[in-house]
Amino acid sequence: MKIVIVGASGTIGSAVSTLLASLHEIVRVGHRQGDARVDMTDSASIAALFDATGPFDALVVASGNLAFGPLAQLSDEQWQFGLESKLMGQIKLTRAAIPYLREGGSITLTSGIVSEVPIQGGASATTINGAIEHFAKAAACELPKGLRINVVSPTLLTESREAYGPFFPGFESVPAARVALAYQRAVMGVQSGQVFKVFD
Ligand SMILES: NC(=O)c1ccc[n+]([C@@H]2O[C@H](COP(=O)([O-])OP(=O)(O)OC[C@H]3O[C@@H](n4cnc5c(N)ncnc54)[C@H](OP(=O)(O)O)[C@@H]3O)[C@@H](O)[C@H]2O)c1
């Protein structure tokens, strides 16, 4: 399989790339590094990416930024930031990938535990992660060519505990290598419209 991984240099993306690289051809895509580069907020940049990759079998998106802050202080710009990056970025990548995905291919997006478990300062993150999961549920019903779409929802990663741990008091973390297995299941499996949770 030829698998395009957006966010391949990241904490999650690098673990997914490592896991899948033993059996598959991986196109590592980042914003500033990788085999190819893209700005997932920019439709022209996304079009140029897929023009360069040509046809492929699976798209994995392990990127997308969010703003955190107290609900009463989150600005329009902070809301817009997450909507344009994590939500519309993944939706734009999905829509643009369809013509390039081979028959029976798949798309795997990323949400996060806060879609189900709100945290302090996480109203935007909960809203956007939830929307990603609802998008995939609907898109699964309409995708052509037998394409599948799923979402992986990880809890806090052990590797990210130092950076984000204070926002997740009392949350267990999981190693990136375990989270990567959920992406492998989404890419190699048969289900569609599902959320693969890596928590509970
Ligand atoms: N880490 C966690 O604990 C955790 C838990 C649950 C959910 N998540 C979600 O999982 C996703 C990945 O998280 P992560 O911690 O692995 O991220 P990360 O380590 O910060 O890596 C981010 C990746 O996204 C790429 N990127 C940044 N801006 C981009 C843009 N505008 N267009 C395309 N690619 C861009 C980066 O590329 P360059 O390196 O080239 O800049 C990098 O490869 C995020 O949506 C996050 O919300 C993370």
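Our subject is the structure that appears above.
In short, a report on the structure. (Residues numbered from 1 in each chain as written. Predicted model: local features only at pLDDT ≥ 70, side-chain atom pairs only at ≥ 80, totals over all residues. Heavy atoms only, no water.)

1. Some details on the packing of aromatic side chains
Applied cut-off: Side-chain rings of Phe, Tyr and Trp (the six-membered ring for Trp) are treated as a pair once their centres are within 6.5 Å; stacked means planes under 30 degrees apart, edge-to-face means over 60, and tilted covers the remaining angles.
For the structure shown, the criterion picks out 4 aromatic pairs. An aromatic cluster of three or more residues is present, and its members are Phe50, Phe56 and Tyr100.

2. Quick word on helix 4 (residues 123-142)
Spelled out, the test is: Numbering of helices and strands runs from the N terminus; a helix is a DSSP stretch of H or I covering at least four residues, while a strand is a stretch of E covering at least two. A helix is expected to span 1.5 Å multiplied by its residue count minus one. Note on classification: 1.4 Å probe, protein chains only; a residue is buried when its accessible area is under 20% of the maximum for its type, exposed when over 50%, partly exposed between these limits. Any two residues having at least one pair of non-hydrogen atoms within 4.5 Å are treated as being in contact.
Under the 1.5 Å per step criterion, the end-to-end length of helix 4 is 29 Å for 20 residues, consistent within 8% with the ideal 28 Å. Within helix 4 the residues assigned to the buried category are Ser124, Ala125, Thr126, Ile128, Asn129, Gly130, Ile132, Glu133, Phe135, Ala136 and Ala139. Against helix 3 (76-97), strand 5 (101-110), strand 6 (148-154) and strand 7 (195-198) lie the buried residues of helix 4.

3. Structural notes on the packing of helix 2 (residues 43-53) against helix 3
To keep things clear, this is the line we draw: Think of each axis as a best-fit line through the C-alpha atoms, taken over the contacting stretch in the case of a helix, with angles from 0 to 180 degrees between the N-to-C directions. Throughout this description, any angle smaller than 35 degrees is read as roughly parallel, any larger than 145 degrees as roughly antiparallel, any in the 65 to 115 degree range as roughly perpendicular, and the remainder as oblique. Left-handed describes a crossing whose near helix is turned anticlockwise from the far helix by less than a right angle; the clockwise case is right-handed. In this classification, the charged set is Asp, Glu, Lys and Arg, the nonpolar set is Ala, Val, Leu, Ile, Met, Phe, Trp, Tyr, Cys and Pro, and all remaining amino acids, among them Gly, are polar.
Two elements in contact, helix 2 and helix 3, have axes separated by 10 Å at closest approach and are oriented at 40 degrees. With respect to their mutual orientation, helix 2 and helix 3 come out oblique. The chirality of how helix 2 crosses helix 3 is right-handed. Across the interface between the two elements, Ser43, Ile46 and Phe50 from helix 2 touch Gly89, Lys92, Leu93, Ala96 and Ala97 from helix 3. Each residue belonging to the contact of helix 2 with helix 3 can be placed in one class, and the counts come to 5 nonpolar, 2 polar and 1 charged.

4. Some words on the sheet that holds strand 4 (residues 56-61)
The criterion, for reference: Strand pairing follows a simple DSSP-based rule, namely that at least 2 bridges must link the two strands.
Spatially, the 7 strands line up as an open sheet ordered 3-2-1-4-5-6-7, and their pairing is parallel. Here the strands that pair on one side only, and so sit at the sheet edges, are strand 3 (36-37) and strand 7. Relative to strand 2 (residues 25-30), strand 1 (residues 2-6) is paired through 5 bridges, and the arrangement is parallel. From the neighbouring strand, Ile5 faces strand 2, where its bridge partner is Arg28.

5. A closer look at the environment of Ile3
With respect to the helices and strands, Ile3 occurs in strand 1. The exposure class assigned to Ile3 is buried, which follows from its relative accessible area of 0%. Along the chain, Ile3 and Glu133 lie 130 residues apart, while their C-alpha atoms are 21 Å from each other. Once residues within four sequence positions are removed from consideration, Ile3 is found in contact with Leu20, His24, Glu25, Ile26, Val27, Ala58, Val60 and Val187.

6. Digging into the side chain of Glu133
Test applied: For the purposes of these results, a polar contact is taken to be a pair of N or O atoms within 3.5 Å, where, inside protein, one atom must be able to donate a hydrogen and its partner to accept one; residues adjacent in sequence count only when each atom of the pair is a side-chain atom.
Its place among the elements puts Glu133 in helix 4. Engagement of the side chain of Glu133 in a polar contact is seen with the side chain of Ser115, the distance being 2.9 Å. Beyond its immediate chain neighbours, meaning those up to four positions away, Glu133 contacts Ser111, Gly112, Ser115, Val151, Ser153 and Val195.

7. Here's the deal with the nonpolar core
Quick reminder of the rule: Only buried Ala, Val, Leu, Ile, Met, Phe, Trp, Tyr and Cys residues count toward a nonpolar core, and they belong to the same one when joined by side-chain atoms within 4.5 Å.
With 38 residues, the main nonpolar core has Val6, Phe50 and Leu59 as its most contacted residues. Breaking this core down by element, the ones donating at least two residues are strand 1, strand 2, helix 2, strand 4, helix 3, strand 5, helix 4 and strand 6. Ranked by residue count, the leading element in this core is helix 4, at 6 residues. The contacts of Leu59, once residues within four sequence positions are left out, are Val4, Val6, Phe50, Leu93, Thr94, Ala97, Leu101, Ser106, Ile107 and Thr108.

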